[in-house]
Structure formats: structure tokens, C-alpha cells
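Okay, here's what each chain looks like letter by letter:
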Amino acid sequence: MKEILTADQMPYTPGEVVEVNTRDKKLNKLMRDTIVELKNIIREKNLDGLTACQIGINERIMVLKFGDNELQSYINPVVTSMDGFCLNRETCINLNDGKTYLVPRNQKIVMVYETPLGAIQQATFVGKAAHVVQHLIWHMDGLFIDEVGLELPDDWDTLSDEDQEEILKEYYESIDIAKAQINDEINNSEEALKLKNAIEFEQAVNKGEIKLRNEKFKIISTSEEKEENIDESNSVQEGNESTGE
Ligand SMILES: [Zn+2]
């Protein structure tokens, strides 16, 4: 069985897109083997989900656990819309630092993905399922919760509301500064600006805000929508409120 890597061992570039419908048997076998590995590790370590890059395979493959033992595979997942903001308490199995971070997350996301058989589908995730998906997509993009999240002090739960608010206020300010810097970089780069506009356009089409005259040009075809929610009572890696994957 493959080992879960530490953060510094993981591929730091975005994973390769697997072409599910390719005739390349070798690639299809790698995909199937990877899914089996991910499922085995999720069961053994009782995780909420896991991606290929976390075990050193640079492909965009994600497996999620629902309820007690239902495992679903997602190839090349792309988040197409997001809604609702919260700060979620999370730990990370790859950081292996025993620390808990508060991480900005959306409460509801819509994701388009390929099934292992190559069908394109869409799913809506809410609550904990949405948080787990966002954590895993960050992994596929090479982003870790210790880079963006707020590391919680050990005595966080015993702090007064005022002290917690003070720490959160500083954190929000630091996010705002980081966001302003990123926007600056995007607006100063022609390529990045084009990409940003393209993504916004694509999202607007998906949300139905922009109607294309010719449906043929619609980027994503939705074959199925399903509401999925990871069981909140599901035991997780470390602590009841943590997202451990
Ligand atoms: Zn993680």
C-alpha cells in the first residue's frame, strides 16, 4: 500500500488531467489502481477523503467517504460555483503537525467532474462535505491549510470571546491584505487577467447569468445533479470539529 506523504514530499504542481476516455490502457489502469489505493487508505485510516497527490501520484483524482462506508470517486473535479462563507476548523494528515487551523470555506459548492467511466456529472455539496472537497482541491492545486489558515493556539477554546474576536480580526485583516496583493498581481498581468475574465465568464454561463446563443458552445454539459452531504456524525481524524483528510 502507498504511504501518505508529508507536505514537503508531495507534488507541488497542479496534478495532470487524466483523460478518462483515452484509449491508453496504461493510463486507465493507473487511474483504476490509484482509486483502489485511495479507497484502501481511507478505510484503513478512517479518513473523510483523499486525493492522488497526497500519496505521490500527480493526477487529479479524489475519493470521498459518505456515511459509514460509501466511497465515491471523482476525476478532474472543477468547482463551478460556491456560496456562503464560514471559518472551518481543520487538520491535515500531510502536515502531520498536530495543529488545528481555522480555514475560510464556502458552505455550499457545485462541482463538475468525470466518473471513472468517463461520464461528466455535476454534484452539489453542502456543509462538511463541501469543506472536505475544498480541502482536497487545495491539495490538488498544491495549497496547504497552514499557508492560508489561522493556526489556533492550544488554549483557543478557553479564550474569552473578546480575545478570540481580537485574533480573528487580525486574521481577517491579513487575508484582506493578501487578497489585495493577489488582485494587484492579476491586474498587472495580461495573461492572468485574461484567465480571470475567462473563468468569470465560464462561471456566469454555468450559473445561467449569461446565455450563449448557440448551446453547442456551452462548456460543461450537466448530466445529473445530486445533493450530497457527508454524515456530520462521521468520526474524523482528529477532534470532532476537524476535517481530517
Ligand atoms: Zn490535507
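How each quantity is defined
- Residues numbered from 1 in each chain as written.
- Predicted model: local features only at pLDDT ≥ 70, side-chain atom pairs only at ≥ 80, totals over all residues.
- Helix = DSSP H or I, 4+ residues; strand = E, 2+ residues; numbered from the N terminus.
- Buried ≥ 20, exposed ≤ 12 C-beta atoms within 10 Å, placed from the backbone.
- Contact = placed C-beta atoms within 7 Å.
- Expected span 1.5 Å × (residues − 1).
- Pairing = 2+ DSSP bridges.

1. Some points on the overall build of the protein chain
Moving on, step 1. A tally of helices and strands in the protein chain yields five helices and eight strands.
Moving on, step 2. Secondary structure elements of the protein chain, listed N to C terminal, follow the sequence α-β-β-β-β-β-α-α-β-α-α-β-β.
Moving on, step 3. Here the protein chain holds 245 residues, and the buried ones make up 24% of them.
Moving on, step 4. In the protein chain, 68% of the contacts between residues at least 6 apart in sequence involve partners at least 24 apart.

2. Section: the environment of Asp68
Moving on, step 1. If you trace the backbone, Asp68 turns up in the loop between strand S2 (61-66) and strand S3 (70-91).
Moving on, step 2. Between the C-alpha atoms of Asp68 and Asn46, which are 22 residues apart in sequence, the distance is 9.5 Å.

3. What to know about helix H1 (residues 25-45)
The α-helix advances 3.6 residues per turn, and as a result positions three or four apart in sequence lie on the same side.
Moving on, step 1. For H1, which comprises 21 residues, the first-to-last C-alpha distance of 30 Å matches the rise-based estimate of 30 Å (1.5 Å per residue) to within 8%.
Moving on, step 2. On its buried face, H1 is in contact with strand S1 (49-51), S2 and S3.
Moving on, step 3. Backbone geometry just after H1 places Asn46 at a positive phi near 55°.

4. Section: the pairing of strand S4 (residues 101-114)
Moving on, step 1. Sheet analysis places S3 next to S4, joined by twelve bridges and oriented antiparallel. If you follow Asn88 over to S4, its bridge partner there is Val103.
Moving on, step 2. For S4 and strand S6 (residues 150-151), the ladder comprises two bridges, and the chain directions are antiparallel. Bridged to Tyr101 within S6 is Glu151.
Moving on, step 3. Pairing of S4 with strand S5 (residues 120-126), which is carried by seven bridges, proceeds in the antiparallel orientation. Bridge assignment links Glu114 to a residue of S5, and that residue is Ile120.
Moving on, step 4. Where S4 folds back onto S5 in an antiparallel hairpin, the turn is made up of five residues, including Gly118, whose phi is positive at roughly 95°.

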